[in-house]
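Listed here are the chains, written in short residue letters.
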Amino acid sequence: LTVQVSKPVAAVPKNMFGLFFEDINFAADGGLYPELVKNKSFEYDDHLIGWKAIRGAAGLADYRVSGDQPIGATNRHFLRLSVKTAGPDAGFVNEGFRGMGVKQGAEYTFSVYLRRGPGSISALNVTLEEPGQRGGGPETSASGQALAQAQITGLTGEWKKYSVVLRPSATAAKARLKLTVEGTGTADIDVVSLFPKDTYLKRENGLRPDLVQLLKDMKPGFLRFPGGCIVEGMTLDNRYQWKETIGEVASRQPMINRWNKEFKQRYTPDYYQSFGLGFFEYFQLAEDIGAEPLPILNVGMACQFNSAELAPLGSAAKGPNAAGPGDEPTLDTFIQDALDLVEFANGPASSTWGAKRVAMGHPAPFNLTMIGIGNEQWGPQYLERYEPFARVLKAKYPAIQIVSSAGPSPEGELFDKATATLRAQKAEFIDEHYYAKPEWFRQHVDRYDNYPRTGSKIFAGEYAAQSVGIASPANKNNWDCALSEAAFMTGLERNADVVAMASYAPLFAHVDAWQWTPNLIWFDNLNAYGTVNYYVQQLFSQNKGTTMLPVQLPGGAKSGTDNLFASAVADDAAGDLVVKLVNYSTAPRTVKVNLAGAKKLGKTGRALVMAADDLNTQNSLQEPKKLTPQESKFAVAGPVVSYTLAPNSLTVLRIPGK
Ligand code: AHR
């Protein structure tokens, strides 16, 4: 095959390969956001989710969620505990998110708000423990093996915050937190938190370090957040509202997650969004991992697969004399949220929303340059909302680039119409999603070969090969899927002049609490691993180079031939030519790579190879690195480089030269 080194096509976009984050599969609470207490403020709709009385209501005299003189207007509920007979089992346990993962000797800050009522309750005993036998009903067993203990004394008749550091004596993946009281009478408890001190960059309210590190190791160009369908909500009430996710953490109101079982039987019964990981933290995460922030905002439409609820169009769409909004938010509210978001991210301390960012500890702007309008929406109702939304946003912030949606399916009349309209409206990026069988990815490597070279660019905002069927619970993150994605990605790279960004989806999943598979990274309460798909993404991202080079496959084919796929770039900064090759075949294959027009070639190249005979090969918690890129050196004898590709392999050749 021939790489036209002396005929560069265009620059590779600097953000080309990035991350898609959604709070699905316990990605935020129970995952990246390491708060260990579930339902810490008793504000979930089902107020006691996560909590169990040890002795039970009869033994405790009474326990209930109360709203009688709460901590504040934004924290309206707390737990009121009444004890008639004192004893070591007068209290509650919190189960965490499928248990609490704690490490021996590490430090965890326990904090709580307490208020003493009538009676003699004098102390709160705090025990982090390995559970004994778990109770099935609302009550639970008191028995457990203590890992760390503390006692909080000095309770008063006023709400007061107390904190203490716990250091577990052993590592446990599924610990629980037990709270009991000394004495009899009434005590009020709220905002119970157990938060690891070891967070990424040791930030307060920071994130789980091993998971952030996996993200950072991808060298991601951008971070898309907060989703996904949770942007839309099952109904508009259930949509993601970024303004509710900033400011003091204890005041953020939780909301039922749209991946909760309430909405679909096979989802998860106890799934809420605490918003401890909110928009400020997302922007900070993007900055920490060197990715451009890409927030996606609701366009005034709930999920079209479900309620399809619409916000009325309002004055931006219908003119200043449009009928009054009544109580319902119109599209104007959604547009205003976007304008305010730009101010929150980039505005000065003197601006209303910029001041909030500064107050949260980030005086410098977050340099927001892109916003997505709508997640996965389509049809005329999307387009009539998108147009005024984009117009108003652009008028105020011309430098902000807009990502628009092409809907869920990458083919068909509806899709073609949507993209044609968006292109006519000069949309900057069109977000296409592909969830399909592995063969679809290999068969559509040429998808962008004939795409118009001017006008709207493509954002491949969500994609993943599905081994069994779309979002089937039986899907596996296997090598067949990952290698097929790699083949497809050579097509993205060969068309990097029109494909500006791409991200695999979804990003994270907890092994005990997922609603969707496959996913890029899996974790439990203590450990995590990158799937084989993760390492494919990483290879492309870490080797994306700076300049696209044309490639011709044997026989003059452009996109792929006989299950051989290829793309090439120059990495001007490193002084390397980089060739990516996918051999989707059970036989080894020797290729001769003609680096036409190359100058100053070095003598030794570097090969990064992922190969597995068995297409069902997968990484796992037990074997996290079963299949990862292996590095070796090879001799470069001249401008025609001969290299033997392993069966079922992705190979990245880095050859010094230009
Ligand atoms: O990635 C999972 C879901 O797939 C996303 O929430 C949605 O945008 C798409 O349908």
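All values derive from a computational prediction rather than experimental measurement.

## Overview of the overall build of the protein chain
Across its full length, the protein chain holds 12 helices and 35 strands. A compact globule built from 658 residues would reach a C-alpha radius of gyration of about 26 Å, and the protein chain, at 27 Å, matches this within 12%. Counting over 658 residues, the protein chain shows a buried share of 52%. Considering only intrachain contacts with a sequence separation of at least 6, the fraction spanning at least 24 residues in the protein chain is 75%.

## As for the domain arrangement of the protein chain
Under the domain assignment, the protein chain is made up of domain 1 (2–7 + 547–656), domain 2 (19–31 + 200–234 + 256–303 + 345–387 + 400–542) and domain 3 (51–196). A C-alpha centroid distance of 57 Å is found between domain 1 and domain 3.

## As for the pairing of strand β18 (residues 370–373)
Of the two faces of β18, the one carrying M370 and G372 and the one carrying I371 and I373 are both buried. One ladder, built from two bridges, connects strand β17 (residues 292–297) with β18; its direction is parallel. Bridge pairing in β18 places I296 opposite G372. In terms of strand pairing, β18 meets strand β19 (residues 401–405) through four bridges, oriented parallel. Paired with I371 across the bridge in β19 is I402. The handedness of the β18 to β19 crossover, carried by helix α8 (residues 379–396), is right-handed.

## Here we look at the site of the ligand
In the region of the ligand, the neighbouring residues are E22, I24, G227, G228, C229, N375, E376, P408, E462, A505, P506 and W516. Looking at the shell around the ligand residue by residue, the classes come out as six nonpolar, three polar and three charged.

## Brief notes about helix α11 (residues 479–494)
The terminal C-alpha atoms of α11 lie 22 Å apart, and with 16 residues this matches the ideal 22 Å at 1.5 Å per residue to within 8%. Counted residue by residue, α11 has 16 buried out of 16 residues, so it is predominantly covered.

## Quick notes on the sheet that holds strand β34 (residues 640–645)
Pairing is mixed in the open sheet, where four strands are placed in the order β27-β1-β31-β34. The sheet is open, and its two borders are formed by β27 (551–552) and β34, each paired with just one other strand. As paired strands, strand β1 (residues 2–4) and strand β31 (residues 589–596) are joined by three bridges and run parallel to one another. Looking at the pairing, T2 lines up with N594 of β31.

## A few points about the environment of F195
Counting through the fold element by element, F195 comes out in strand β13 (residues 185–196). On a C-alpha basis, the gap between F195 and A607 in space is 43 Å, while along the polypeptide they are 412 residues apart.

## Comments concerning the sheet that holds strand β4 (residues 62–66)
To summarise the sheet geometry, strands pair through backbone hydrogen bonds and adopt either a parallel or an antiparallel arrangement. Spatial ordering of the open sheet is given by β4-β5-β13-β8-β11, a layout of five strands whose pairing is antiparallel. Among the strands making up the open sheet, the edge pair consists of β4 and β11 (160–166). Averaged over all pairs of adjacent strands, the angle between their axes in this sheet comes to 30°, without regard to strand direction. Bridge count between strand β5 (residues 78–83) and β13: five bridges; the pairing is antiparallel. Following the sheet pairing, S82 is matched in β13 by T186.

## A closer look at the environment of R654
Structurally, the position occupied by R654 is in strand β35 (residues 649–656). Placed 83 residues apart in sequence, R654 and D571 show a C-alpha to C-alpha distance of 9.0 Å. Once you skip the residues sitting within four places of it in the chain, R654 turns out to touch D576, V578, G605 and R606.

What counts and what doesn't
Residues numbered from 1 in each chain as written. Predicted model: local features only at pLDDT ≥ 70, side-chain atom pairs only at ≥ 80, totals over all residues. Helix = DSSP H or I, 4+ residues; strand = E, 2+ residues; numbered from the N terminus. Rg over C-alpha atoms; globule rule 2.2 N^0.38 Å. Buried ≥ 20, exposed ≤ 12 C-beta atoms within 10 Å, placed from the backbone. Contact = placed C-beta atoms within 7 Å. Domains from an automatic or database assignment. Pairing = 2+ DSSP bridges. Right-handed = clockwise from strand over helix to strand, strands pointing away. Near = placed C-beta within 6 Å. Nonpolar A, V, L, I, M, F, W, Y, C, P; charged D, E, K, R; others polar. Expected span 1.5 Å × (residues − 1). Axes fitted to C-alpha atoms, helices over the stretch in contact; angles between N-to-C directions.

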